[in-house]
Amino acid sequence: MTDALKNDLLAAYDDQLRGTSETADVPTSTDGPVIRVEYPSRGFVSYRSLDGLDGAEIDALIARQRDYFAAKGQAVEWKLRGHDQPADLPDRLKAAGFEPEEQETVLVAESAAVAERLQGREVVDGITIRLVGERADFERIAAMESTVWGEDWSWLTDDLVRRHAGGTDVYVAEADGQVVSAAWAVYKKGTEFTGLWGGSTLAEWRGKGIYKALVAVRAVRAVELGYKYLHVDASDDSSPILQRLGFLAVTTTTPYVHTP
């Protein structure tokens, strides 16, 4: 049953979250099966499948994306999924000068199942979870993230302003008015998916159920809004927690980045 469900979830993920939906609301151009996304900072390459291309055509396709952004003085990320074909695609990317960054696990679950499993876990003693939409709150989230990661995350303020304007729900978890964790839910319009992002928590507040509470409130909200699935690109820290909550690992994702 699990294998059949996993296959169904992977098919839904491929059909709904790759290609045009992955690159909505940003400037794009196409080159055969790939969509080039032109973010201000660096490029991004998305596609549903490379079926029908032979090895030489794939090598040429990779080189064109590299050279397109290099001509603009920009790095470019080719987002490789673990089940992508051909199997030697990682080697072809590396041969073209792309370097792999940290691999993450793609997790998918049915929203209603997660909401049911976590019923009652939305509340944590001493913690207030609330939906926020003011720039001042986004600045507080960015400051918390800077502390967690030990580097300047002030860029996150403008990113969350932009995301919120596009319909993203942003939540903070507070203790006596201090932001101790934050997470957001990205509703992929035209799909059945809600993406779960964030979830970083200050070190002294970990292990108290805050991360699970933030998953719970977002799962309930996704059900209310009619989104059937939850999706996470999970780090090695988050993946085991989410799999215990009923998420299934359907594939992996690895950014391959070329920097001119």
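Note that the coordinates shown come from a computational prediction; the quantities given were computed from them, not determined experimentally.

A. Main features of the packing of aromatic side chains. Within this structure, the stated rule accounts for six aromatic pairs. Ring centres 5.1 Å apart and planes at 35° place the aromatic pair Trp153 and Trp155 in the tilted group. Among the residues examined, Trp153 registers a relative accessible area of 17% and is labelled buried. What makes Trp155 partly exposed here is its relative accessible area of 47%.

B. Quick look at the pattern of salt bridges. By the definition in use, this model includes 22 salt bridges. Lys72 is the partner of Glu38 in a salt bridge, and the nearest nitrogen-oxygen pair spans 2.6 Å. Residue Glu38 is located in strand β2 (residues 34–38), and its partner Lys72 is located in the loop between α2 (55–70) and β4 (76–81); the two are separated by 34 residues in the primary sequence. Owing to a relative accessible area of 40%, Lys72 belongs among the partly exposed residues under this scheme. With its nearest N and O atoms 3.1 Å apart, the salt bridge here joins Arg92 to Asp88. Accessibility expressed as a relative area gives 30% for Asp88, which makes it partly exposed. When salt bridges with common partners are traced through the structure, they connect Arg130, Asp137, Arg140 and Glu174 into a single cluster.

C. Quick look at the environment of Leu245. In this structure, Leu245 sits in the loop between α8 (238–244) and β12 (248–258). Sequence spacing of Leu245 and Leu5 is 240 residues, and the spatial spacing of their C-alpha atoms is 16 Å. Those residues in contact with Leu245 that lie beyond four places of it in its chain are Val114, Arg117, Leu118, Lys212 and Val215.

Thresholds, definitions, all that
Residues numbered from 1 in each chain as written. Predicted model: local features only at pLDDT ≥ 70, side-chain atom pairs only at ≥ 80, totals over all residues. Heavy atoms only, no water. Phe/Tyr/Trp six-rings, centres within 6.5 Å; stacked < 30°, edge-to-face > 60°. Buried < 20%, exposed > 50% of the residue type's maximum accessible area, 1.4 Å probe, protein only. Salt bridge = Lys/Arg side-chain N within 4 Å of Asp/Glu carboxyl O. Helix = DSSP H or I, 4+ residues; strand = E, 2+ residues; numbered from the N terminus. Contact = heavy atoms within 4.5 Å.

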